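# Structural overview for review
These are the residues of each chain, in order.
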Amino acid sequence: MGDIELRNVSKRFGKLEVIRDLSLQVASGEFVTLLGPSGCGKTTTLNLIAGLEDVSSGTITVDGRRVEDLPPDRRDLAFVFQDYALYPHMTVFGNMAFGLRMRHTAKAEIDVRVRAAAVRLGLEDVLDRRPRELSGGQRQRVALGRSIVRRPSVFLYDEPLSNLDALMRDQTRSELKRLHIELGATSIYVTHDQEEAMTLSDRIAVLRGGHLEQYGSPRDIYGRPANEFVAGFVGKPRMNLYDVEVGPNGRAVVCGTVWSIPVSVGLSGRMRLGLRPEELGFSSEESSGSVQGTVRLVEPGGGTTDITVAVGPIDVMVRLPGFSNLGIGAQGWLDARRAYPHLFERDGASAGCE
Amino acid sequence: MSRARRGRSRRHVFSTIAHRLAVVAVLCYLVFPVFWMLVTSLLPASDLLRLDPDVAFSKMNLSTYGQLLTDPSFLLPLRNSALVASVTALSSVILGSLAAYGIARFRFPGRRAVMIMMLGGQMVPAVVLVIPLFLILRDVGLLDTVEGLMVTYVGFIMPIVVWMLVGFFEGVPVSLERAARIDGCSRIGVLVRVIAPISGTALVAAVIFAFISAWSDLFIALVLTAGNSITLPVEVANFEGLFVMQYRSAAAAGIITLVPVLLLAAVFQKWIVAGLTEGVVKG
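Residues numbered from 1 in each chain as written. Chains lettered and ligands numbered in written order. Predicted model: local features only at pLDDT ≥ 70, side-chain atom pairs only at ≥ 80, totals over all residues.

## Thoughts on the overall build of chain B
For chain B, the count of helices and strands is 13 helices and 0 strands. Across chain B, helices and strands are ordered from the amino to the carboxyl terminus as α-α-α-α-α-α-α-α-α-α-α-α-α. Relative to all contacts within chain B whose residues are 6 or more apart in sequence, the contacts with residues 24 or more apart total 75%. (Helix = DSSP H or I, 4+ residues; strand = E, 2+ residues; numbered from the N terminus. Contact = placed C-beta atoms within 7 Å.)

In structure tokens form, the structure reads like this:
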């Protein structure tokens, strides 16, 4: 239960096309994240699936049934909002029971389901309170509870963690994942936070400008980004991206430097090269293929330290394990032996090795 | 305590005293006429209309109120006023809230124009409109009727109600309505089950505003009514005759007119101020 398919879906607001010809399949029980920068159409996509907005063209099916003309309450889905959207005039119990009451569920059944959900979410002591008396984390759990009591086949989440503080966010994120494993319902989750997307998802759909850039497992998205946009958007710290000249010898030379990195043979010409900071090394000794650089910035993060190394005209971000004793101005050798080189076609705009 | 701090605290005391005195002055200015009206209504005119008014508590009595409240020619305007103000208040708020909700939620061509026209209408003085209104009501046969007065008042008051409520509805998060839609409400259901209950304070404030506006109008009622449909303010003005001025009755009638307004303000003050929407969303 809960197969979702979007086929050639477009959405226009007046002349503005927010979603362009989007096709996406979500298997039953899967957790899929729509990831992208603000304005990429991810929330609109969610609203289209929910029926809160009407599609301009294309079809949406849930379990093989066309739903794009059905009102939201007949699509068998729940929606968790960024701002929680709790009914302020109802108690926590009332908020969770409202959807069931609207569906004329028997009173005893409502009571059983709401109390069970409250126990699962640790809300049993606040059932008689109003939303304004709750903390942010509790409000978000009420919003979750309101969704799960209905036992829908699909959950839609619109940036549900973005209003919580950092500690609460991590905690709730783990709770969400556990809940998903327990309930096994299809979930579609919208976020601009690539870390949330990576930790929660079975598959990630990366969107830009209403267009699907890549759709795959977190491992695919991280390890085999389809293009430079995905490569730059996923991963923290951000992937290093440079203009390179790939020679027939299978080596890519970073423009403006003498740094050359071996890449797969068969490609040549001007391209873009991506190197993940966590796969680069920086040491005081020279090794084969390494290049000399100067430390320009040191950002300790506890378990890791991010350093920015200047190599000729370019800056290279390197993530080192543990605390680093390096100071600004330190000289050393940058090596890419452990790094997987990501090569991308150059788009027309980039400057190349002039 | 240092000298500088003492100086500051002395200045603070002075500014507090000045502030309190100003408040007392303004209160006297506002309250004294009401107080004097009350005294006038309780004492025989012969004791007051002298160079040295004799305000004796022992002479005060409620006889004028008794006379007024048993006099059919006073009860009629009282009944008219109550009817006109209630119907006007409810109609303005029922129609106005629907209009305001539509304007706040839907983006349609001419939305701004509608809002500006409603505000613009308020800028035309009643003096300019009252003669055309007189002619219109005469032509449709509503002159000197409570219905004619109600329609006129709704026309004047509803735009302000719409403005009051558009601001309120725009503050209600859209996600709340979306949540209700997903929970199984129709569009009307959203309005009835979610928007109306949380709009209680705003709607009550609007009803009271509309009621008081209609209740206390003299000018329009003076022109558009004559016999059967006169309202309280018109009746109060009528106590000023060509040759005699019935001070005591006029004052008592004035107090009777004032009481509902004061009661409404006192009872609902908390309601009007309380923000029920607190805690709707993050915060």
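## Details of the pairing of strand E7 (residues 154-158) of chain A
Residue and element names in this part refer to chain A. By the criterion of burial, E7 is predominantly enclosed, with 5 of the 5 residues buried. Where burial is concerned, the two faces of E7 agree: the one with Val154, Leu156 and Asp158 and the one with Phe155 and Tyr157 are both buried. Sheet analysis places strand E6 (residues 77-80) next to E7, joined by 4 bridges and oriented parallel. Of the residues in E7, the one forming a bridge with Ala78 is Phe155. (Buried ≥ 20, exposed ≤ 12 C-beta atoms within 10 Å, placed from the backbone. Pairing = 2+ DSSP bridges.)

## Thoughts on the packing of helix H7 (residues 146-171) of chain B against helix H10 (residues 200-215) of chain B
All names here are of chain B. Their axes nearest at 10 Å, the elements H7 and H10 cross at an angle of 155°. By the angle between their axes, H7 is roughly antiparallel relative to H10. Our pair here, H7 against H10, has a crossing hand that is right-handed. Here Tyr153, Ile157, Val161, Met164, Leu165 and Phe168 of H7 lie close against H10, whose contacting residues are Ala202, Ala206, Ala210, Ser213 and Ala214. (Axes fitted to C-alpha atoms, helices over the stretch in contact; angles between N-to-C directions. Parallel < 35°, antiparallel > 145°, perpendicular 65-115°, else oblique. Left-handed = near helix turned anticlockwise from the far one by under 90°.)

## Observations regarding the domain arrangement of chain A
Residue and element names in this part refer to chain A. Here chain A is partitioned into domain 1 (4-233) and domain 2 (240-344). The gap between the C-alpha centroids of domain 1 and domain 2 is 39 Å. Listed per partner, the contact involves 5 residues of domain 1 and 5 residues of domain 2. Of the residues that constitute the side of domain 1 that touches domain 2, the class distribution is 2 nonpolar, 2 polar and 1 charged. (Domains from an automatic or database assignment. Nonpolar A, V, L, I, M, F, W, Y, C, P; charged D, E, K, R; others polar.)

## Some remarks on the interface of chain A and chain B
With 22 residues of chain A in contact, the opposing surface of chain B contributes 20 residues. When contributions to the side of chain A that touches chain B are tallied by element, the ones reaching two or more residues are E6 and helix H2 (92-102) of chain A. It is H2(A) that provides the largest number of residues to the side of chain A that touches chain B, a total of 3 residues. Residue composition of the side of chain A that touches chain B, by class: 13 nonpolar, 4 polar and 5 charged.

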